[in-house]
Amino acid sequence: MNDLKQYIEANKERFLEELFSLIRIPSVSSKSENKPDMLKCAERWKELFLAAGCDKAEVYPTDGAPVVYGEKIVDKNAKTVLVYGHYDVMPAEPLELWKTSPFEPTIVDGRIYGRGANDDKGQALMHAKAFEYLLKTNQLTCNVKFMMEGEEEVGSKHLYAFCEKYKEMLKADVILVSDTSMIDSETPSITVGLRGLTYLEVEVTGPNRDLHSGLFGGAVANPINILCKMVASITDEKNRITIPHFYDDVLTISEEERALMAKAPFNVEEYKKAIDVEELCGEEGFTPMEHVGIRPSFDLCGIWGGYTGEGTKTVLPSKAFAKLSMRIVPNQDPDKISALFKAHFESIAPKCVKVEVRPHHGGNAYVSPIDMPAYKAAEKAFEATYGKTPIPTRSGGSIPIIAGFDKILGTKSILLGFGLESDAIHSPNESYRLDHFFKGIETIPYFYKYFGEMKA
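Residues numbered from 1 in each chain as written. Predicted model: local features only at pLDDT ≥ 70, side-chain atom pairs only at ≥ 80, totals over all residues. Heavy atoms only, no water.

**Q** Can you help me understand helix α13 (residues 434–453) in this one?
**A** Because the α-helix completes a turn every 3.6 residues, residues three or four places apart line up on one side. The end-to-end C-alpha separation of α13 is 30 Å, in line with the 28 Å expected for 20 residues at 1.5 Å each. Within α13, 15 of the 20 residues are buried, leaving the element largely enclosed by the surrounding structure. (Helix = DSSP H or I, 4+ residues; strand = E, 2+ residues; numbered from the N terminus. Expected span 1.5 Å × (residues − 1). Buried < 20%, exposed > 50% of the residue type's maximum accessible area, 1.4 Å probe, protein only.)

Below is the structure:
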């Protein structure tokens, strides 16, 4: 692959313009108003897969956002890699916090700014460009299948049924994913664990209408006050979750594995400085890396009610709402955790209010074996381009469908991420470093080389 760097250098501008064409499409899966953009983005991916060299590419409708599938079969007896990514993005709000337009990609100080620049349009496009290089230089020895979905950011609700329906089409030896991060720019890593997720919405109702806070305040329960008290009680002074039986199925990590995790470079002062906080706050008895890697968590993701407009309005609101998530770890079941939360939340509600709990979506945690050939190929790929053996890490994030792939397709996944914490995914001013984008395109071809050479 002596010409790999030259190929990337010669095609940099085209690669970037292709990425920009994707970022310009506001494919926000959580908003019904963006439904036409979902199809537009899926069709653009189809075009890119065909241009890169796929024999065929199709946009498959689902009951939600469409799925894009493409493939190149070089030898029916060769190993097959299924590349998974997602083309949907998080909402860009609050728009006033963006320094550039979220859907007009802009390069500033070596970074591409725009919603989806990293998560996941930038990281997914690396695979199409690496595939293109291998094919055009006659070095592709594996069959390649691409699957891009449009609902990852809202729980991949319809992808499970798609995988059941098209099991045979999606058959592969391994699933390759770039939707995670590295420890830092100098320290390559492979994500071997993802936390699962349970996401819910709660509604607390007091009086049958908004009331005058002077005439009724002090006599009638304020749903916002009650909601705040209830949510605050979900964690205790040791930052443990108080829901009965919540920890019953939590997998205990051995001291040996904790010691291995501790070898990963981590500077707590730099960590705090990067997010501008004076102190961290996590479950007692565990390190910050363990908090996000091997322990479950509870977070309030949004809370609203009453009057929040300009000026004042002395109102005692009828209703209060909150959206919340619980990150879960191996052995915990998202449906069980959702049911436990619902039962507990209803049990602690005072009689002065009514409570409704509505589950949204969730998924299981995932742990990838580090002794399979695909992991070894990923290790060697990083060694070829970074000159270092990557460190296995566990991510606090969730990609629920990864565990679904394991269950439905019976196929393990390799999480080969090139993002950084500083890329601010899901936040205003999401970005992706140019050098990481191109380094990913340089590294991925080596995965195919080494994976194709390894015995099963």
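**Q** Explanation requested: the environment of Gly 110 in the structure shown.
**A** Structurally, Gly 110 is set in the loop between β4 (106–108) and β5 (111–113). On the accessibility criterion, Gly 110 (34% relative accessible area) is partly exposed. A C-alpha to C-alpha distance of 29 Å links Gly 110 and Leu 50, two positions 60 residues apart in sequence. Once residues lying within four places of it in the same chain are set aside, the contact partners of Gly 110 are Tyr 432, Arg 433 and Leu 434. (Contact = heavy atoms within 4.5 Å.)

**Q** How should unusual backbone geometry be read in this particular structure?
**A** Negative phi characterises most residues that are not glycine, and trans characterises most peptide bonds. Look at the link from Glu 93 to Pro 94: it is a cis peptide, with omega at 5°. Here Pro 94 lies in the loop between β3 (80–86) and β4. Geometrically, the link from Asp 119 to Asp 120 is a cis peptide bond, its omega value of 0° lying close to zero. Looking at where Asp 120 falls in the secondary structure, it is placed in the loop between β5 and α3 (121–136).

**Q** What am I meant to see in the sheet that holds β5 here?
**A** Strand pairing in a sheet is mediated by backbone hydrogen bonds. Such pairs are either parallel or antiparallel. The strand order β4-β5-β18 describes an open sheet built from three strands, whose pairing is antiparallel. Each having just a single partner strand, β4 and β18 (431–433) make up the two edges of the open sheet. Neighbouring strand axes in the sheet, compared pairwise and without regard to direction, differ in orientation by 30° on average. The pairing of β5 with β18 spans three bridges and is classified as antiparallel. Paired with Arg 111 across the bridge in β18 is Arg 433. With respect to the sheet, α13 is in contact with β4, β5 and β18, its orientation differing from that of β18 by roughly 60°. (Pairing = 2+ DSSP bridges. Axes fitted to C-alpha atoms, helices over the stretch in contact; angles between N-to-C directions.)

**Q** Mind showing me how you'd approach the pairing of strand β6 (residues 143–149) here?
**A** Along any regular strand, the residues point their side chains to alternate faces of the sheet. Taken across its seven residues, β6 has seven buried, putting it largely inside the fold. With burial as the criterion, each face of β6 is covered, one bearing Asn 143, Lys 145, Met 147 and Glu 149 and the other bearing Val 144, Phe 146 and Met 148. Alignment of strand β2 (residues 67–72) against β6, held across five bridges, turns out to be antiparallel. Looking at β6, one finds that Glu 71 is bridged to Lys 145. Alignment of β3 against β6, held across seven bridges, turns out to be parallel. Residue pairing for β6: Val 81 is matched across the bridge by Val 144.

**Q** Is there a simple way to think about the pairing of strand β8 (residues 189–194) in this case?
**A** Most of β8 is tucked away, with six of its six residues classed as buried. Of the strand pairs in this sheet, β8 and strand β16 (residues 391–395) are connected by five bridges, and their pairing is parallel. Within β16, the residue paired with Leu 194 across the bridge is Ser 395. With two bridges connecting them, β8 and strand β15 (residues 366–367) associate as antiparallel partners. Following the sheet pairing, Gly 193 is matched in β15 by Val 367.

Don't take any of this as a statement about function, it's just geometry.
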